[in-house]
Amino acid sequence: MTNKILQVNKLKKHFDMRRGQVVKAVDGVSFDVNKGETFGLVGESGCGKSTIGRTIMGLYENTAGDVTFDGKKIHELNVKEKNAFYRRMQMIFQDPYASLNPRSTVKEIIAEPMEVHGLYKSDKERLERVYELLEEVGLNRDHANRYPHEFSGGQRQRIGIARALALDPDFIIADEPISALDVSVQAQVVNLLKRLQEEKGLTFLFIAHDLSMVKQISDRIGVMYLGNLVELTSSDKLYENPLHPYTKALLSAIPIPDPDIEEKRERIILEGELPSPINPPSGCAFRTRCPLAMDVCAEKKPAWQEVSDNHYVACHLYDETVEDPDKAAPKLTISSQ
Ligand SMILES: Nc1ncnc2c1ncn2[C@@H]1O[C@H](COP(=O)(O)OP(=O)(O)OP(=O)(O)O)[C@@H](O)[C@H]1O
Ligand SMILES: [Mg+2]
């Protein structure tokens, strides 16, 4: 029996644009998600995180590669199988302001997926379930007849979570569920997700662009850059021993609460913008912003390899086959100790 509930295998999602241009939003990504874990996916804006989420959900066709959920390839499901799949996998969206229909009451918003899937025999039973869900996410039954605009951002996100839970799924893709919220509210929503995970044994794919919150919630983390994964390991290992220069740069951007350490530590500032996925750099896509780039980085795309137990990285610095006199053990460190 495999513990892997989701397998993403060399997945590509390209968008065809005008004049024959192609946006390579996701360009060959592989990872597995184990049952019951939270897998964090991080990377800066535009690197392809939402596109991966949407392609996994089957909202986008795959350009190449495949996604297997509980043994079945989701892009090959027939209509009946797809219905069953959507009961098991749900998505929480980035923007709690845009993702809830402003003309529907909270009750209607949460009950809609149950109606679509023909769950519960009567309206009364569905309403009972709506009340139950509201309470599970820290709201109450008095909220059922109100409209989304009457709620704060954090409360709206709770409504979005209640809706995602309505079909009792076992896998949830949370696409930046806290990015639009105040810092003080972010922790509350993260705690709610953690509690629900424990109570219901949920599996999460948690998408974010900031590593600090992801660490708190994730068991493993994949770091993305311009349509590719560059590093993947347990959340502890990623913080203790980051390998990829991009991961190091992301980590160094997180403030450390101790002012002495904060003052002394080396900060890696990434220069320049994320290149366009229409015309990505040759070889390693990160090389144009990498402080340790070597000649080989422009020539050859680094292989995705397991450099130590369950620690994957795509970087020529760790590639045994690359002969480069400058290739010493990476000197880039992020702490001052
Ligand atoms: N439907 C689409 N058609 C064309 N290009 C798209 C489409 N959706 C996304 N893209 C492009 O694909 C790339 C990845 O976009 P995506 O939304 O997946 O990034 P992201 O990592 O989720 O960013 P953010 O953190 O801002 O949400 C971007 O260059 C984006 O412009
Ligand atoms: Mg996104």
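Residues numbered from 1 in each chain as written. Chains lettered and ligands numbered in written order. Predicted model: local features only at pLDDT ≥ 70, side-chain atom pairs only at ≥ 80, totals over all residues. Heavy atoms only, no water.

Enquirer: It is not clear to me how the packing of aromatic side chains should be interpreted in this structure. Could you clarify?
Expert: We describe a pair of aromatic rings using the distance from one ring centre to the other and the angle between the two ring planes. As enumerated under the stated definition, the model contains nine aromatic pairs in all. Here the aromatic rings of Phe69 and Phe85 are separated by 5.5 Å at their centres, their planes lie at 75°, and the arrangement is edge-to-face. Taken as a pair, Phe69 in strand E4 (residues 64-69) and Phe85 in helix H2 (residues 79-88) lie far apart in primary sequence, 16 residues in all. Under the relative-accessibility criterion, Phe69 is labelled buried at 5%. Residue class for Phe85 comes out buried when judged on its relative accessible area of 4%. Their ring planes at 90° and their centres at 5.8 Å tell us that Phe69 and Phe171 sit as a pair that is edge-to-face. Of the two residues, Phe69 sits in strand E4 while Phe171 sits in strand E7 (residues 171-175), which places them 102 residues apart along the sequence. For Phe171, a relative accessible area of 0% puts it in the buried group. Joined through ring pairs, the aromatic side chains of Phe69, Phe85, Tyr86 and Phe171 make up one cluster. Sitting over the face of the ring of Tyr239, Lys215 holds its NZ or CZ atom 4.8 Å from the ring centroid. (Phe/Tyr/Trp six-rings, centres within 6.5 Å; stacked < 30°, edge-to-face > 60°. Helix = DSSP H or I, 4+ residues; strand = E, 2+ residues; numbered from the N terminus. Buried < 20%, exposed > 50% of the residue type's maximum accessible area, 1.4 Å probe, protein only. Lys NZ or Arg CZ within 6 Å of the ring centre and 35° of its normal.)

Enquirer: Please clarify how the sheet that holds strand E8 (residues 203-208) should be interpreted in this entry.
Expert: Paired through backbone hydrogen bonds, the strands of a sheet run either parallel or antiparallel to each other. Across the sheet, which stays open at both edges, the eight strands sit in the order E6-E7-E8-E3-E9-E10-E12-E11 with mixed pairing between neighbours. Bordering the open sheet on either side are strand E6 (89-92) and strand E11 (305-308), each of which pairs with just one other strand. Neighbour to neighbour, the strand axes of the sheet diverge by 20° on average, direction disregarded. As paired strands, strand E10 (residues 228-234) and strand E12 (residues 311-313) are joined by two bridges and run antiparallel to one another. Note on E12: the bridge partner recorded for Glu231 is Val313. On the sheet, helix H1 (residues 49-56) packs against strand E3 (38-42), E6, E7, E8 and strand E9 (220-225) and is oriented at approximately 150° with respect to E8. This element, helix H9 (residues 245-252), spans E9 and E10 of the sheet and lies at about 105° to E9. (Pairing = 2+ DSSP bridges. Axes fitted to C-alpha atoms, helices over the stretch in contact; angles between N-to-C directions. Contact = heavy atoms within 4.5 Å.)

Enquirer: Explain the pattern of salt bridges here, please?
Expert: Close approach of charged atoms lets side chains of opposite charge pair. With the rule as written, the count across this model stands at 16 salt bridges. Among the ionic pairs, Lys72 bridges to Glu81, the shortest N-O distance being 3.9 Å. Since its relative accessible area comes to 44%, Lys72 is described here as partly exposed. Assessed through its relative accessible area of 28%, Glu81 is described here as partly exposed. (Salt bridge = Lys/Arg side-chain N within 4 Å of Asp/Glu carboxyl O.)

Enquirer: Could you clarify how one ought to interpret unusual backbone geometry in this entry?
Expert: Keep in mind that most residues, glycine aside, have a negative phi and that most peptide bonds are trans. We note that Tyr120 has phi near 65°; this positive angle belongs to a residue other than glycine. Topologically, Tyr120 is positioned in the loop between helix H3 (106-116) and helix H4 (123-136). Positive phi, close to 55°, is recorded for Asn310, a residue that is not glycine. Asn310 gets classed as partly exposed once you look at its relative accessible area, which sits at 45%.

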